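# Geometric and topological summary
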Amino acid sequence: MHTVITLRLIQREFIHSMMKNTLGLIFIIGLAAALHGQGPAGPQAAGFDMDLTGYWTGVLHEDDLERLPGPELADYGGFALNEAGRLFALSYDVSRLTLRHHQCDAYVMPYQMRAVGNFRIWEDRDPFNQQLIAIHIWAQTTEGHRVIWMDGRPHPPAWAPHTYQGFSTGKFIGNALVIHTTHLKQGWLRRNGSPESDQATVTDFIIRHGDHLTDTTVVNDPVYLTEPEIRSNDYARQPADHHAWLYACDDGEQVLGRAPDNVPAYPFGKQPFAKEYSDRYKLPFVASLLGADSMYPGLAARLKNSSDADAVARLSPAPNQPNESSKAVNPDPRDGEIHVWPIRDHVYMLVGDGGNIVVQTGEQGAFVVDTGEGKLSDKVIAAIRRLSEKPIQFIANTSAHADHVGGNASLGAAGADTSLPGSFFAGQSPSAATGTLLDPSHHATLISHNNVVLRMEAAKAPSDAIPADTYLEDRRRKFHNGELIELFYEPSAVTDGDSIVHFRRADVIAAGDIFDTTRYPFIDIKNGGSVQGEIKALNDILNRTGYQHEEQGGTMIVPGHGYLADEHELVEYRDMVVIVRDRVQAMINAGATLAQVKTARVTADYDTRYGANTGPWTTGMFVEAIYNGLKK
Amino acid sequence: MTRTPVFAVALLVLAAGAPQLFAQGRGGRGGPPPGPPPTPRAAARIDITGYWVSLITEDWRHRQFTPPKGDYLSVPLSEAGRRAADAWDPAKDDAAGEQCKAYGAAGLMRIPGRLHITWQDDNTLKLEADAGTQTRLFHFAGPEPAGGDWQGASMASWDYPRPPIQGFFGGFGPPPPGGSLRVVTTKMRPGYFRKNGVPYSAQTVMTEYFDRFDVPGGDTILLVTTEVNDPQYLSQPFWTTTHFKKQNDAAGWNPTPCTR
């Protein structure tokens, strides 16, 4: 003990004398680390910081067929797919990959980690204190770039965008790098349609034994799996750069003349290749359709007396079952607060008051798209004021739905259209005028398609909440805050007054309820909506979007509800609406009644993602809206 | 202050601290005096004992069902290996009393079933598989067994992360945490990687790492990472990873004879 105290006194004196130059400081840090046996406390202190850097190649001694030429159709053995997952996979037609917006789909994590090809791993370290900030993994196939944050930062909120690689944080625990990943896009568990939803989370355990790296991935997917999917990938260390890193992809025209609302899919029970796999390998037909039961020992013995009928029953939704409800997390925080998510170039998404709100700021007043339910308008106004000292000058409404116009009056009153004082309009305010025309210069100008006005007037909305600046046909333009803002009219999507708002410089689109990551589209037939118009509107948005890389990034899309998306999410949503419509249409063509369509569970592969059995917009209402729209 | 006095003081301080620094390499500061090394059982940093059930999520078809003859997809067979696999004759195996050729050490872990892992003694870990009613013994000490049977001779060690090499600055910390069980198996009776006669020879050397993970949701997973080298039948090392899920009890434990 005496020796230690003496030593510490010497160290203290030494530190005082050394503090005068940088070299001394560095020495002190190193010495302290040496004597105390640890570096500065950090999130990775629980384990030892193993070196994963270098060049690695995936070793494909398992599932070779799946990972190289590609898996066989209806080979879902070893996956704990639930009914929705199995039906999604069976409905999947690989021709979907010829659609423009699917041609460059990247691999979602962890399929990316399982892919053929080369990998490079490198570290980011703080240049000043050498602490580990992040570990990067670059995968050659689909050019997947995975960042594993090691600096203890939190995961983004639920309304943040999803990516193919997701958001990963890691810690060294024991002899493993343990990684937790959220915010994944929808993708594949296997390249034959076996789905992994955008609600999946993944835990990786990366272990290194010499030149052999093993990544064990545990996928939890409440939408499509009944239990975690656990697989491992092996990588061999390479001595040098592979010089093979790129996987360039641009979409093009693969099938000419195809209608924009044609999404290749098989009807339930009609997957033409469902039996091909079992026939080829002389397996019981039902074996690969059993979900989690297929993963455990004794399968061959259990299926000795199985019949094809057991399998055929699994090619369609189980009859006489209630619809499943969504297992997805609703990104709406519901915490009584307004949360601001910067999108790009002074365009922001505000979350928390029902429908999403978009705000653009600049040298002129704020341009706002939609105003939420109006329950938290004071906080919305305060949030906008923190983004811009200028008043709210314009408010555009994407529809007349209450959760998008609820704050019109409050936000309008808090704003001012500074372009009006001294103008012709300011001098023309008649004393008998009502609403925003009463004194336009002291109120933000509300903009919408004229049908929004008609719907709001019919609903006896307060006059100061009703837009005064309307358009009648296909397009309205405004150059504001140095940016062209376009409103496009969709005549009959969720209502008959829908507008899509495109911020051209920031390349951000506010889609309103046409796109909703939390539920099936609210096709409001009473207010002029239709499934055909909804599909057209989704395709119209897709005609304006572009991806930055491998079907990701680029144009950002703010849904009416849910998380900030890009065209990948919108395409999956469009596919869903088209596929369900086609099923309903086929049943109508066969003479089915609405009751029969509902009993057939035509949404069974999507209900665990979007379905609801209670609340304002149920699965039954969605199916009924489609049926009634198509029957017209 | 010039640099010369700085380094002089630095060396002085290091010299004063040297006994402490070097002591860490012999068991750490203030620790008890060195005693006899702990037994392998006491030295275990991970506990893999208990009942485990296979999770057949990879090579599903090849593992759950006997593949057709000549189906050696994914296995890096040499030309001799392919010839042997193509010549597979199950009737011949039966006649020779070799029904357990797929249940040898290099194939056993891939066969769906349950494991029961216990300490036979302080130096020997016993792994029983209900599939084929096989037993593997992992010897941490003592002479290497003679082998020659399906399970061969397995020598075990705890594979801990290598302690840092002590340098002038750093490398003096506690040993890294965590570790794996490393098992090297040789002297196996020739057998099959798969039930359809994909062969390995008597010259096979198999290195396995057993790791244990606690996964979200409460399950515990045993990961067996395997590298097989066979100069006769493989063209390169054959790598697989096999997963087992921890069971609380012996539920489902069902010793069965070797089958095709």
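Treat the numbers as computed from the prediction; the structure is a model and nothing was measured.

What counts, and at which threshold
Each chain carries its own residue numbering, running from 1 in the written order of its sequence. Following the order in which they are written, the chains are lettered starting with A and the ligands numbered starting with 1. Per-residue local features are limited, in this predicted model, to residues with pLDDT of at least 70; the limit for side-chain atom pairs, both in listing and counting, is 80 or more; totals at the level of whole chains, interfaces and linings are taken over all residues. Working from all heavy atoms in the structure, the side-chain values ignore hydrogens and water. A run of H or I in DSSP becomes a helix once it reaches four residues, and a run of E becomes a strand once it reaches two; helices and strands are each numbered from the N terminus. Here the term buried applies to any residue with accessible area under 20% of the maximum for its type, exposed to any over 50%, and partly exposed to those in between, with areas from a 1.4 Å probe on protein chains only. Contacts are assigned to residue pairs that have any heavy atoms within 4.5 Å of one another. Reported accessibility uses the Shrake-Rupley method at a 1.4 Å probe radius. Residues are deemed covered only where the shown protein chains occlude them. Buriedness for pockets is judged along seven lines, at least five of which must meet protein on both sides within 12 Å for an open set on the 1 Å grid over protein atoms alone, while cavities are sets there where a 1.4 Å probe fits but cannot get out, and lining residues have an atom within 4 Å of a point. Grid points are joined across faces, edges and corners, and a volume is the space filled by probe spheres set on the points. Ten residues, namely Ala, Val, Leu, Ile, Met, Phe, Trp, Tyr, Cys and Pro, are considered nonpolar, four, namely Asp, Glu, Lys and Arg, are considered charged, and the remaining ones, Gly among them, are considered polar. Any Phe, Tyr or Trp ring, taking Trp's six-membered ring, that has another such ring centre within 6.5 Å forms a pair; planes under 30 degrees apart are called stacked, those over 60 apart edge-to-face, and the others tilted. Only when the NZ atom of a Lys or the CZ atom of an Arg is both within 6 Å of the ring centre and within 35 degrees of the ring normal do we say a charge sits over the ring. The pairing criterion for strands is at least two bridges between them, as found by DSSP. Helix axes are fitted only over the stretch in contact, all axes being lines through C-alpha atoms; the angle between N-to-C directions runs from 0 to 180 degrees. Should an angle lie under 35 degrees it is considered roughly parallel, over 145 roughly antiparallel, and from 65 to 115 roughly perpendicular; all remaining angles are considered oblique. Crossing handedness is read from the near helix: turned anticlockwise from the far helix by less than a right angle, it gives a left-handed crossing, and turned clockwise, a right-handed one.

## Brief notes about the overall build of chain A
- Helices and strands together make up the secondary structure of chain A, namely 18 helices and 23 strands.
- The buried share of chain A, reckoned over its 632 residues, is 58%.
- Sequence-distant contacts, at least 24 apart, represent 65% of the contacts inside chain A between residues at least 6 apart.
- Of the roughly 24,900 Å² that chain A leaves accessible, carbon and sulfur atoms contribute 54%.

## Points about empty space enclosed by the protein
Residues and elements named next belong to chain B.
- The tally for this structure, following the rule as stated, stands at 14 cavities of 30 Å³ or more.
- Of the volumes computed, that of the largest cavity is approximately 260 Å³.
- Looking at the largest cavity, it is lined by 23 residues, and the ones nearest its centre are Arg63, Gly107, Arg110, Phe193 and Arg194.
- Broken down by secondary-structure element, the contributors of at least two residues to the lining of the largest cavity are α3 (60-64), α6 (105-108), β7 (191-194), β9 (205-214), β10 (220-229) and β11 (238-247).
- Per-class residue counts for the lining of the largest cavity are 12 nonpolar, 5 polar and 6 charged.

## A short note on the packing of aromatic side chains
- Applying the stated criterion across every chain yields a total of 26 aromatic pairs over all chains.
- Their ring planes at 40° and their centres at 6.1 Å tell us that A:Tyr55 and A:Trp245 sit as a pair that is tilted. With A:Tyr55 in strand β1 (residues 54-59) and A:Trp245 in the loop between β11 (229-238) and α6 (276-281), this pair connects stretches of sequence that are 190 residues apart.
- An angle of 85° between the planes, with centres 4.9 Å apart, marks the rings of A:Tyr107 and A:Tyr111 as edge-to-face.
- By relative accessible area, which is 9% here, A:Tyr107 ends up buried.
- For A:Tyr111, a relative accessible area of 2% translates into the label buried.
- By the ring-pair criterion, three or more aromatic residues cluster together here, those being A:Phe515, A:Tyr520, A:Tyr573, A:Tyr610 and A:Phe622.
- Between the NZ or CZ atom of A:Arg544 and the centre of the ring of A:Phe488, over which it lies, the distance is 3.4 Å.
- Stacked on the ring of A:Tyr281, the Lys or Arg B:Arg61 has its end atom at 3.5 Å from the ring centre.

## Examining the pairing of β11(B)
Residue and element names in this part refer to chain B.
- With 9 of its 10 residues buried, β11 lies for the most part within the structure.
- Pairing analysis gives 5 bridges linking strand β1 (residues 50-55) to β11, with the strands arranged antiparallel. Across the sheet, the residue bridging to Val53 is Lys245, located in β11.
- In terms of strand pairing, β10 meets β11 through 8 bridges, oriented antiparallel. Pairing of Glu227 across the sheet is with Trp239, part of β11.

## Details of unusual backbone geometry
All names here are of chain A.
- At the junction of Met109 and Pro110, the peptide bond is cis and its omega measures out at 10° in the coordinates.
- Along the chain, Pro110 falls in the loop between α4 (83-91) and α5 (111-114).
- In this model, His346 sits at a positive phi of 65°, which is unusual for a non-glycine residue.
- Summarising the element assignment, His346 is placed in the loop between β12 (339-344) and β13 (347-351).

## Side note on the side chain of A:Asp605
Residues and elements named next belong to chain A.
- In this structure, Asp605 sits in the loop between α16 (594-599) and α17 (607-610).
- Given the relative accessible area of 1%, Asp605 is considered buried.
- Filtering out sequence-adjacent residues up to four positions away, Asp605 remains in contact with Ala84, Leu87, Phe88, Ser91, Tyr224, Phe268 and Arg583.

## Some words on helix α13 (residues 450-458) of chain A
All names here are of chain A.
- Looking only at α13, the buried set comprises Asn451, Val452, Val453 and Met456.
- Of the surrounding elements, those touching the buried residues of α13 are α10 (402-405), α11 (408-414), β17 (445-449), β18 (469-471) and β20 (483-490).
- Residue Lys460 follows α13 closely and has a positive phi angle near 55°.

## Considerations on the packing of helix α14 (residues 531-542) of chain A against helix α15 (residues 567-589) of chain A
Residue and element names in this part refer to chain A.
- Following both chains from N to C, one finds α14 and α15 inclined at 155°, their axes separated by 10 Å at the closest point. Our classification of the angle between α14 and α15 gives roughly antiparallel. Where α14 crosses over α15, the handedness of that crossing is left-handed. Residues Val531, Gln532, Glu534, Ile535, Leu538, Asn539, Ile541 and Leu542 of α14 pack against Glu567, Leu570, Val571, Tyr573, Arg574, Val577, Val578 and Arg581 of α15.
- Per-class residue counts for the contact of α14 with α15 are 10 nonpolar, 2 polar and 4 charged.

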